Amino acid sequence: MGACVLLLAACGSNVKLDEVPVQDRSGTAVSPLQSGSAAGGTAGGAGAGAVTGVEVGSNASAQPASLERLVYFDYDSFVIRPEFAASLEANARYLNANTSRRVALEGHTDERGGREYNLALGQKRAEAVRRALGLLGVSDNQMEAVSFGEEKPAMTGLDEASFAKNRRVELTYR
C-alpha cells in the first residue's frame, strides 16, 4: 500500500498549468488566465481569456459546394469512366487556382473481396484519380491518395445499387 502511494506521488507534477505562458502563432506571449476571467465561467465576457466566435461560412477547409467530389468505378476496376472527366477537370481547375488547398483522394470498394484485396483496389482507384489530376496540372504536394477499402461504405445493402455507390473515390478538401 505504501509503495503505491509513493509511486503515485512520484508520478505527480508540480507544474502549475494555469501559470504557464502560452505562445500564439505570431510568436507573442499571451498572459495566463487569471482567476475570474472567461475560464472562471463568465460566458461571453471580454478580456484576456475571452473566447471569440468563429463564422462557420468562413472555414478555409470547407468543401467547395459547386464541385462534384465523387468518382464511381465499375466492379473490380480502377479505370476512370469517361463520364467523370468533366468533374475531374473542374476539380483540377479549382486546385490549380487555389494552390494552398489540399485534397485527400479516398479510395473505397464494395464489400466483395478480401480485406487486403479491397485495400489495394481502393488505393489503385485513389492513385488513378491522383494521376488524372496530375495530368491536368495539379501539383503532387496538393494530393494524398489513401484507401479505406470496404471500411467506410456509403450505402449498406447487399444489392448492386449499394455496391455501385460504394465503389468510389471521394475528393475531400482540407
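Structure: above.
A few points on the structure. (Residues numbered from 1 in each chain as written. Predicted model: local features only at pLDDT ≥ 70, side-chain atom pairs only at ≥ 80, totals over all residues. Heavy atoms only, no water.)

As for unusual backbone geometry
Thinking step 1. Of note in the backbone geometry, Asp76 takes a positive phi value of approximately 55° without being a glycine.
Thinking step 2. Tracing the sequence through the fold places Asp76 in the loop between β3 (70-72) and α2 (85-97). (Helix = DSSP H or I, 4+ residues; strand = E, 2+ residues; numbered from the N terminus.)

Re the pairing of strand β4 (residues 103-108)
Thinking step 1. Counting buried positions along β4 gives six out of six residues, so the element sits mostly inside the fold.
Thinking step 2. Burial along β4 is two-sided: the residues Val103, Leu105 and Gly107 and Ala104, Glu106 and His108 are all buried.
Thinking step 3. Taken together, the six bridges between β4 and strand β5 (residues 143-149) define a ladder with parallel strand orientation. Bridge pairing in β5 places Glu106 opposite Val146.
Thinking step 4. With helix α3 (residues 115-135) bridging β4 and the parallel β5, this β-α-β connection has right-handed handedness.
Thinking step 5. Pairing geometry for β4 and strand β6 (residues 168-173), over five bridges, is antiparallel. Within the sheet, the bridge partner assigned to Leu105 lies in β6 and is Leu171. (Buried < 20%, exposed > 50% of the residue type's maximum accessible area, 1.4 Å probe, protein only. Pairing = 2+ DSSP bridges. Right-handed = clockwise from strand over helix to strand, strands pointing away.)

Some thoughts on the pairing of β6
Thinking step 1. Here three bridges tie β3 to β6, and the two strands are oriented antiparallel to one another. Each bridged residue has a counterpart across the sheet, and for Tyr72 the counterpart in β6 is Arg168.

Quick look at the nonpolar core
Thinking step 1. Counting residues in hydrophobic clusters, the biggest one holds 21 residues, and the most contacted among them are Val71, Val103, Leu105, Val129, Leu133 and Leu171.
Thinking step 2. Elements supplying a minimum of two residues to this core: β3, α2, β4, α3, β5 and β6.
Thinking step 3. In this structure Leu105 touches Ala126, Val129, Arg130, Leu133, Met143, Glu144, Ala145, Val146, Val169, Glu170 and Leu171, once residues within four positions along its chain are discounted. (Core = buried A, V, L, I, M, F, W, Y, C linked by side-chain atoms within 4.5 Å. Contact = heavy atoms within 4.5 Å.)

Here's the deal with the packing of α2 against α3
Axes are the key here: two packed helices are described by the angle between their axes and the distance separating the axes.
Thinking step 1. At a closest axis distance of 9 Å, the pairing of α2 and α3 adopts a crossing angle of 60°. Classified by the angle between their axes, α2 and α3 sit oblique to one another. The chirality of how α2 crosses α3 is right-handed. In contact with Leu88, Asn91 and Ala92 of α2, α3 contributes Val129, Ala132 and Leu133. (Axes fitted to C-alpha atoms, helices over the stretch in contact; angles between N-to-C directions. Parallel < 35°, antiparallel > 145°, perpendicular 65-115°, else oblique. Left-handed = near helix turned anticlockwise from the far one by under 90°.)

A look at the pattern of salt bridges
Thinking step 1. One pass over the structure, following the stated rule, counts eleven salt bridges.
Thinking step 2. For Arg174, the salt bridge goes to Glu144, with nearest N and O atoms at 3.1 Å. In this pair, Arg174 sits in the segment after β6 while Glu144 sits in strand β5, placing the two residues 30 residues apart along the sequence.
Thinking step 3. Exposure remark for Arg174: the relative accessible area of 43% places this residue in the partly exposed category.
Thinking step 4. Arg167 is the partner of Glu160 in a salt bridge, and the nearest nitrogen-oxygen pair spans 3.1 Å.
Thinking step 5. Accessibility expressed as a relative area gives 43% for Glu160, which makes it partly exposed. (Salt bridge = Lys/Arg side-chain N within 4 Å of Asp/Glu carboxyl O.)

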